[in-house]
Amino acid sequence: MKTAEYSIDILFIEEDAYERKIFIDFFSGLSEPFQITTALSLKHAKNLMKRRNFEIVIAEINFIDGHIFDVMKQNAGIPFVIITARGYEELAVLALKSGAVEYLVKDVEKVYLKRLPAIINKILQNKRLEQIKKIISFGFREIEKGIAILDREGYLLFANPVFLDHSNIKGTYFRHTIQSLLSNRAKVLADKLSEIIRSEPISNLTFSISPTEGADTIDFTIAPAIVGEGPDDRIGYILLGY
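Residues numbered from 1 in each chain as written. Predicted model: local features only at pLDDT ≥ 70, side-chain atom pairs only at ≥ 80, totals over all residues. Heavy atoms only, no water.

Q: Got a minute to help me understand the sheet that holds strand 7 (residues 102–105) in this structure?
A: Remark on secondary structure: sheet strands pair via backbone hydrogen bonds, oriented parallel or antiparallel. The 5 strands are arranged 2-1-3-6-7 in an open sheet whose pairing can be described as parallel. Every interior strand has two partners, whereas the edge strands, strand 2 (34–39) and strand 7, have only one. On average, adjacent strands in this sheet sit at an angle of 20 degrees to one another, irrespective of strand direction. Packed on one face of the sheet, helix 2 (residues 42–51) meets strand 1 (8–13), strand 2, strand 3 (56–59) and strand 6 (80–84) and runs near 130 degrees to strand 2. (Pairing = 2+ DSSP bridges. Helix = DSSP H or I, 4+ residues; strand = E, 2+ residues; numbered from the N terminus. Axes fitted to C-alpha atoms, helices over the stretch in contact; angles between N-to-C directions. Contact = heavy atoms within 4.5 Å.)

Q: Before we go on, may I ask you to explain the pairing of strand 2 in this structure?
A: Successive side chains on a regular strand alternate, one facing one side of the sheet and the next facing the other. Across 6 bridges, strand 1 lies against strand 2 in parallel orientation. By the bridge assignment for strand 2, L11 is matched with T37. Regarding the hand of the β-α-β motif, the stretch spanning strand 1, helix 1 (residues 17–28) and strand 2 is right-handed. (Right-handed = clockwise from strand over helix to strand, strands pointing away.)

Q: Just to check I follow, could you spell out the side chain of K106 for this structure?
A: Here K106 is to be found in the loop between strand 7 and helix 5 (111–138). The class for K106 is buried, based on a relative accessible area of 17%. In terms of polar contacts, K106 uses its side chain to reach the side chain of E60, at 2.4 Å. Excluding residues that lie within four positions of it along the chain, K106 makes contacts with E14, E19, E60, I83, T84, A85, R86 and Y112. (Buried < 20%, exposed > 50% of the residue type's maximum accessible area, 1.4 Å probe, protein only. Polar contact = N/O pair within 3.5 Å; in protein donor to acceptor, adjacent residues only side chain to side chain.)

Q: Just checking my understanding: could you explain the pattern of salt bridges for this structure?
A: Proximity of charged atoms lets side chains of opposite charge pair with each other. What the rule picks out here adds up to 6 salt bridges. The residue E60 makes a salt bridge to K106 at a minimum N-O spacing of 2.4 Å. With a gap of 46 residues between them, E60 in the loop between strand 3 and strand 4 (62–63) and K106 in the loop between strand 7 and helix 5 connect regions that are remote in the sequence. With a relative accessible area of 19%, E60 lands in the buried category. Close ionic contact of K187 with D191 constitutes a salt bridge, the shortest N to O distance being 2.8 Å. Highlighted residues: K187 and D191, both in helix 8 (residues 187–199), separated by 4 residues, approximately one helical turn. Overall, the relative accessible area of 41% leaves D191 in the partly exposed class. Salt bridges here are not isolated pairs; linked through shared partners, they connect E14, E19, E60, K106 and K110. (Salt bridge = Lys/Arg side-chain N within 4 Å of Asp/Glu carboxyl O.)

Q: Honestly, the packing of aromatic side chains in this entry has me stumped. Any pointers?
A: Each aromatic ring pair is summarised here by two numbers: the centre-to-centre distance and the angle between the ring planes. Across all of its chains, the model carries 7 aromatic pairs by this definition. For the ring pair F163 and Y242, a centre distance of 5.5 Å and an interplane angle of 70 degrees mean the geometry is edge-to-face. Within this pair, whereas F163 is found in helix 6 (residues 161–167), its partner Y242 is found in the segment after strand 12 (234–241), the two being separated by 79 residues in sequence. Judged by relative accessible area, which is 0%, F163 ranks as buried. A relative accessible area of 17% places Y242 in the buried class. When the centroid spacing of 5.7 Å and the interplanar angle of 20 degrees are considered together, the rings of F207 and F220 count as stacked. (Phe/Tyr/Trp six-rings, centres within 6.5 Å; stacked < 30°, edge-to-face > 60°.)

Q: How should I be thinking about the environment of N75 in this particular structure?
A: Tracing the backbone through its elements, the reader meets N75 in the loop between helix 3 (68–74) and strand 6. Overall, N75 belongs to the buried group, its relative accessible area being 17%. Contacts of N75, omitting those with residues within four sequence positions, involve M49 and F80. A polar contact is formed between the side chain of N75 and the backbone oxygen of V71, at a distance of 2.9 Å.

Q: Any chance you could explain the nonpolar core here in plain terms?
A: When a protein is soluble and globular, its nonpolar side chains tend to lie buried together. Grouped together as the largest cluster of nonpolar side chains are 23 residues, with contacts concentrated most on L156, F163, I178, L182, L189, L193 and F207. No other element matches the 5 residues that helix 8 contributes to this core. Residues L30, F34, I83 and L104 belong to the second largest nonpolar core, which totals 22 residues. (Core = buried A, V, L, I, M, F, W, Y, C linked by side-chain atoms within 4.5 Å.)

Q: Please explain unusual backbone geometry as it appears in this structure.
A: Residues other than glycine predominantly adopt negative phi, and peptide bonds predominantly adopt the trans conformation. The phi dihedral of N168 is positive, around 60 degrees, even though this residue is not glycine. Here N168 falls in the partly exposed class, since its relative accessible area comes to 39%. Unusually for a residue other than glycine, Y242 sits at a positive phi of about 70 degrees.

Shown next as C-alpha cells:
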C-alpha cells in the first residue's frame, strides 16, 4: 500500500479469500492513498469498527453470520457501499433504503472495481460538504475577508475566492493540508499555522504576520469551529485573514 500524507481508511467485508485478494491487489495498484482493511465476517467487522474509525465500508449483503443491515444500523454515520451478485438487485435496493449510499453489481470482468475509486471520492466530497454546511448553519456568513475552513488535522475543507486568490492556491485542494498548500507560496504563514494546529487551541487566537518574507504584515484570526457542546463537536478551525 502506498504511503501518503493522507490515507482513506476503507473496511472491506468479504468471506471469500480470493475476492479479498483481488480487491486489495486492485487498490494497491492505484496512485490514490487508499488504506484497505479486510474483515472475514460480520463479527470480525463489528470488532474492527469498535476499535477504528473507517471512512467507508464496502460489503456484500449476505454472510454466514448474518446480514449487513445489522452492521449498517449500528454504524449509521458511516457510508456503506454494497456489492451484490447479479440477480440480487432487489436486496441492493433494500440496502439503499436502509441507508447505503451506493451499490454495485459484481461482474466477471471486475469492471465494478474500476468504478469504486470515483464513487469513494464522491462520497468523501459529500461528507466534507456536509461538514461545511454544519459550520455555515451554526453561524458562518459570507464576508469580504479571506476565509478558510480546516478540519482538526489542518486539511482544507473550504476557502472563499478571496483567500484562494491571495494565497495563490489554484486547482483542487481536496485532501491537502493548508500547510502543504501554502508551503511554496506563504511559508511563514504555513509554519505558523502548523505550530498553532499542533497546539490544538480551544479559543480564538489572533496574530500578525507577513505571509512571506518581506511582505506587509497582515492580521489573521484562527478560531475553533464548534457545532455543539461536547469535546468531539469541533470540526476544526475557521481561519480569517487577507
